[in-house]
Amino acid sequence: KMSMIEFLTWHYKQDVGTVERAPQGSNQEALARAQAEVDLVSKQLAVVSTKLEATRAAEAELEAAIADLKKQEEEYANKIATLEAQANDPRASTVKKSRSANELAQLKAEDPLPLR
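Quantities reported herein were computed from a predicted structural model and do not represent experimental measurements. (Residues numbered from 1 in each chain as written. Predicted model: local features only at pLDDT ≥ 70, side-chain atom pairs only at ≥ 80, totals over all residues. Heavy atoms only, no water.)

## A short note on unusual backbone geometry
Unusually for a residue other than glycine, K13 sits at a positive phi of about 55°. Tracing the backbone through its elements, the reader meets K13 in the loop between helix 1 (4-12) and helix 2 (16-21). (Helix = DSSP H or I, 4+ residues; strand = E, 2+ residues; numbered from the N terminus.)

Spelled out as structure tokens, the structure:
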């Protein structure tokens, strides 16, 4: 086994003290480039984080809208079921049956979309 200093001493034909005190070089340019890249990535990360927050907010708004739409659809279906049950109830009076059948026909005839 051989240490790095021994190898460098042998390879460059220098004594141990000279190899040991030799300048190691300056990496200022490489450090500056790396720092510039880190700064750029940090800025891009901030932009992506902002977009991610906006996307999450939009998803939450969309989920709320979907939940509201499903609620309206359930209310519509329940109203139809209730009116059909009243219109077909043999114990109900003729007036109640007729009124329920009329309301049911009106409900089915109107546009069930929430955008009115």
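Still more ground to cover, so stick around.
## Thoughts on the packing of aromatic side chains
Using the criterion set out here, one finds one aromatic pair in the structure. With 6.1 Å between their ring centres and 40° between their planes, F7 and W10 make a pair best called tilted. Note that F7 and W10 are positioned in helix 1 at a spacing of three residues, about one turn of the helix. Under the relative-accessibility criterion, W10 is labelled exposed at 57%. Positioned above the aromatic ring of W10, the side-chain terminus of K13 is 5.7 Å from the ring centre. (Phe/Tyr/Trp six-rings, centres within 6.5 Å; stacked < 30°, edge-to-face > 60°. Buried < 20%, exposed > 50% of the residue type's maximum accessible area, 1.4 Å probe, protein only. Lys NZ or Arg CZ within 6 Å of the ring centre and 35° of its normal.)

## Focus on the pattern of salt bridges
Inspection of the entire model under this criterion finds four salt bridges. The residue K71 makes a salt bridge to E75 at a minimum N-O spacing of 4.0 Å. Of this pair, K71 and E75 both sit in helix 3 (residues 28-87), four residues apart, roughly one helical turn. On the basis of relative accessible area, K71 is assigned to the partly exposed category, the value being 47%. Across the pair R91 and D89 runs a salt bridge, and its minimum N-O distance is 3.6 Å. (Salt bridge = Lys/Arg side-chain N within 4 Å of Asp/Glu carboxyl O.)

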